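Letter by letter, the chains look like this.
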Amino acid sequence: MSIFREPSCRSLPAGESSPTAVRLKAVSYGGIGAPALVLLLFLTSAVAQTDEFDDAELIDRGRYLAIAGDCAACHTSDSDRPFAGGYPMEMPMLGTIYSSNITPDAEHGIGDWSLREFEGALRRGVSKGGRNLYPAMPYISYARITDRDIRALYAYFMHGVEPQAEPNRNNDIPWLLSARWPLKAWNTLYLESGPYEVDPDRGEAWNRGAYLVQGLAHCGTCHTPRGIGFQEKSLSEQGNHYLAGGPVLAGWQAYNITPDDDSGIGLWTEAQLIQFLKSGHVNRLAQAGGPMAEAVENSLARLRDEDIHAIATYLRAIPAVRSDGGGPRQRQGQPSQSVIALRGKPLASDIGEDVDGARLYLGLCASCHGADGTGSEDGYYPSLVHNSTVGAHSDHNLRQAILHGVRRDIGQGAILMPGFARQLSGEQLAALVDYLRQQFGGRRGPDAPDRAAP
Ligand code: HEC
Ligand code: HEC
Ligand code: HEC
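Residues numbered from 1 in each chain as written. Chains lettered and ligands numbered in written order. Predicted model: local features only at pLDDT ≥ 70, side-chain atom pairs only at ≥ 80, totals over all residues. Heavy atoms only, no water.

Attention now goes to the coordination of the iron atom of ligand 1. Protein-derived ligands of the iron atom of ligand 1 are His-75 (NE2) and Met-137 (SD), with the metal-ligand distances lying across 2.0 to 2.2 Å. Geometry at the iron atom of ligand 1 is octahedral, judged from the 6 donor atoms that bind it and their angles of 88 to 179° at the metal. One end of the pair, His-75, is in helix H4 (residues 71-75); the other, Met-137, is in the loop between helix H5 (115-124) and helix H6 (139-142), and 62 residues separate them in sequence. Judged by its relative accessible area of 9%, His-75 is buried. (Donors = N, O, S within 2.8 Å, 3.2 Å for Na, K, Ca; no water. Tetrahedral: all angles 85-135°; square planar, octahedral: opposite > 155°, others 65-115°. Helix = DSSP H or I, 4+ residues; strand = E, 2+ residues; numbered from the N terminus. Buried < 20%, exposed > 50% of the residue type's maximum accessible area, 1.4 Å probe, protein only.)

Structure representation (structure tokens):
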């Protein structure tokens, strides 16, 4: 089965010219004379020594796979110097670690790494020289990448990326906790080695989707709940908790994306799911903010249609998991009636010390999301009624969206919602969130079961 997409016409890479070819050439050019033959042999051996990874087609494939793997999300902190590393990541209980320079700079990057060393970092979490990497690098998922794709990625990072002479930053982890040997034990417990194996009972799209979701696209890194060792509880649909939702660092919550009707995305049509993955926006359903906006912007929006289709096929076929028992999150809630009385009157944008949720909504949000909360007619300003963030079991993402706003750019002009962190006191935020959840999200009572600490 050709789920990993063989290129349709493959020319023999330069490095693979065989000794037989040399002999044949020597024979057919036999009449030219000895000096020409020597020259010919010299040229052929020069060709044989060129780097087999310096192959335009292989590099191109690797570039696409690096997008599917969203390597830039963590390894690019300054867009002028792609893959130069230095991106900070909080490790629970340990401290801050910084991503590495993975450009082909021989001194500061990975320019002198062999294919085997590169493969070790991606699939086994072991750096050149044997140092164990922190699982902030998603090698748990990348372990699924096939040999063929590892080669293409290697070709791209060796020959398709500009070297950057940027030294790696030391991690801010207290010395006592900085030993890396516990990671070996962690890997023994939680790393399932071995590249993805095709399931012959499933179709091509399902297998391609499974390969991407479990592997390069590492959806489980954010969407699968974690166990006591901070490990993802399941790494494929064969486990019980796969993609059932979990906390993401920085206060966001990744939703349950299994096909459960209430806690998951079981009510989404295939077309809606595809539209969401490609653009991060489906009006009266969901919008991507925070880390998901980045995943859409840097990776999913740039994938081929057939790969997005494969991801959707797989997601819709995995077992449904009921997670939080909090009732449906996209079907409840009502447009606001009370504010209709205000039509035609200017909205008060000076909110002062007001702690009335409805008035805060009118003052800060209604200009875009509409006085009744159903958004603008063209859907650019989304409806907050039937919105997965407003109706969600936990209010984490709603708070994040209000405090930090939304920013997403997939090359068709940026989608922007301002953040209100500076305008709102803790009390005002709580009042606004309670109002939104009750009115538009259909969540009863202010003491929702899983309320973020103010
Ligand atoms: C979610 C964040 C994240 C993503 C996505 C990610 N990495 Fe990493 N990567 C890291 C971090 C953090 C480190 C450093 C870990 C450490 O110091 O223990 C790292 C380390 C590495 C290393 C080891 C470098 C060294 O000098 O030891 C390589 C190679 C690497 N990543 C390649 C990749 C490639 C290729 C991709 C895309 C297929 C990728 N990474 C995607 C976070 C990420
Ligand atoms: C870096 C973390 C991260 C990764 C990787 C990630 N997601 Fe998400 N995802 C999130 C967060 C956080 C949200 C909630 C976004 C919001 O409310 O604005 C989300 C939301 C979603 C939603 C909307 C669900 C709803 O009910 O509103 C879907 C669907 C989704 N992700 C699918 C995927 C798929 C498929 C992948 C892999 C191809 C993936 N995600 C990878 C963090 C992530
Ligand atoms: C200037 C216009 C504007 C204002 C004011 C505004 N928003 Fe938004 N809002 C947007 C846009 C644009 C989006 C993103 C649409 C998209 O993702 O396609 C958005 C998205 C959202 C989302 C979905 C985000 C997610 O991650 O799921 C929520 C919830 C939301 N807004 C609530 C609010 C609330 C509450 C207020 C008032 C405190 C507010 N907005 C004020 C324009 C605005």
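Residues in contact with ligand 3 amount to 25 residues; listed here are only the nearest, His-281, Cys-365, Cys-368, His-369 and Met-417. His-281 is positioned such that a nitrogen or oxygen atom in its side chain is 2.4 Å from an oxygen atom of ligand 3. One of the side-chain N or O atoms of His-369 is found 2.7 Å from a nitrogen atom in ligand 3. Counted by class, the shell around ligand 3 contains 19 nonpolar, 5 polar and 1 charged residues. (Near = heavy atom within 4 Å. Polar contact = N/O pair within 3.5 Å; in protein donor to acceptor, adjacent residues only side chain to side chain. Nonpolar A, V, L, I, M, F, W, Y, C, P; charged D, E, K, R; others polar.)

The next subject is the packing of aromatic side chains. A full pass over the atoms with the stated rule returns 14 aromatic pairs. The interplanar angle of 55° and the centroid separation of 5.5 Å between the aromatic rings of Phe-118 and Tyr-154 together place this pair among those described as tilted. Here Phe-118, found in helix H5, pairs with Tyr-154, found in helix H7 (residues 147-159); they are 36 residues apart in sequence, far enough to count as distant. Phe-118 sits in the buried class, given a relative accessible area of 5%. For Tyr-154, a relative accessible area of 8% corresponds to the buried category. (Phe/Tyr/Trp six-rings, centres within 6.5 Å; stacked < 30°, edge-to-face > 60°.)

Below, the discussion takes up the confidence of the model for the chain. With 83% of its residues at a pLDDT of at least 70, the chain reaches an overall mean of 86. Here residues 1-32 scores under 50 on pLDDT; set against residues more than four positions off or in separate chains, the count is 43 contacts. Every residue in residues 446-454 scores below 50 in pLDDT, and together they form 18 contacts with partners more than four places removed in sequence or on other chains. (pLDDT = per-residue confidence, 0-100. Contact = heavy atoms within 4.5 Å.)

In the region of ligand 2, 28 residues are neighbours, and Cys-219, Cys-222, His-223, Met-292 and Arg-329 sit closest. His-223 is positioned with one of its side-chain polar atoms (N or O) 2.8 Å from a nitrogen atom of ligand 2. In this structure, Thr-389 approaches ligand 2 through a side-chain N or O atom, which is 3.2 Å from an oxygen atom. In the shell around ligand 2, the residues fall into 18 nonpolar, 9 polar and 1 charged.

A few words on the nonpolar core. Soluble globular proteins tend to bury their nonpolar side chains together. Formed by 66 residues in total, the largest nonpolar core has its most connected members in Leu-153 and Phe-157. Mapped by element, the contributors of at least two residues to this core are helix H3 (56-68), H5, H6, H7, helix H9 (204-216), helix H11 (270-279) and helix H13 (305-315). Ranked by residues supplied to this core, first place goes to H7 with 8 residues. Non-local contacts of Leu-153, meaning those with residues more than four positions away in its chain, are made with Gly-62, Leu-65, Ala-66, Phe-118, Leu-122, Ile-145 and Leu-216. (Core = buried A, V, L, I, M, F, W, Y, C linked by side-chain atoms within 4.5 Å.)

Locating Asn-387 in the fold gives a position in the loop between helix H15 (366-369) and helix H16 (388-391). Those residues in contact with Asn-387 that lie beyond four places of it in its chain are Leu-285, Gln-287 and Arg-329. Within polar-contact distance, the side chain of Asn-387 engages the backbone nitrogen of Thr-389 at 2.9 Å.

The next thing to look at is the coordination of the iron atom of ligand 2. Here the iron atom of ligand 2 is held by His-223 (NE2) and Met-292 (SD), and the distances to it run 2.0 to 2.3 Å. Taken together, the 6 donor atoms surrounding the iron atom of ligand 2 define angles of 88 to 179° at the centre, an arrangement classified as octahedral. Taken as a pair, His-223 in helix H10 (residues 220-223) and Met-292 in helix H12 (residues 290-298) lie far apart in primary sequence, 69 residues in all. With a relative accessible area of 12%, His-223 lands in the buried category.

It is worth spelling out a nonpolar patch on the surface at this point. A cluster of nonpolar side chains, Trp-175, Leu-176 and Leu-177, forms an exposed patch at the surface whose accessible area comes to about 440 Å². Structurally, the position occupied by Leu-177 is in the loop between H7 and helix H8 (181-190). (Patch = residues over 30% accessible without salt bridge, like charges linked within 9 Å, V, L, I, M, F, W, Y side chains within 5 Å. Areas by Shrake-Rupley, 256 points an atom, 1.4 Å probe, with all protein chains shown as cover. Salt bridge = Lys/Arg side-chain N within 4 Å of Asp/Glu carboxyl O.)

This brings us to the side chain of Ser-388. Relative to the elements of secondary structure, Ser-388 occurs in helix H16. Sequence-distant contacts of Ser-388, defined by excluding residues within four places in its chain, comprise Tyr-255, Leu-285, Ala-286, Arg-329 and Gln-330.

What follows concerns the pattern of salt bridges. Here the structure, examined in full by the defined rule, presents 20 salt bridges. In this structure, the salt-bridge partner of Arg-208 is Asp-307, at a minimum N-O distance of 2.8 Å. Pair noted here: Arg-208 is in helix H9 and Asp-307 is in helix H13, with a separation of 99 residues, a long-range link. Residue classification places Arg-208 among the buried residues on the basis of a relative accessible area of 6%. Its relative accessible area of 1% is what places Asp-307 among the buried residues.

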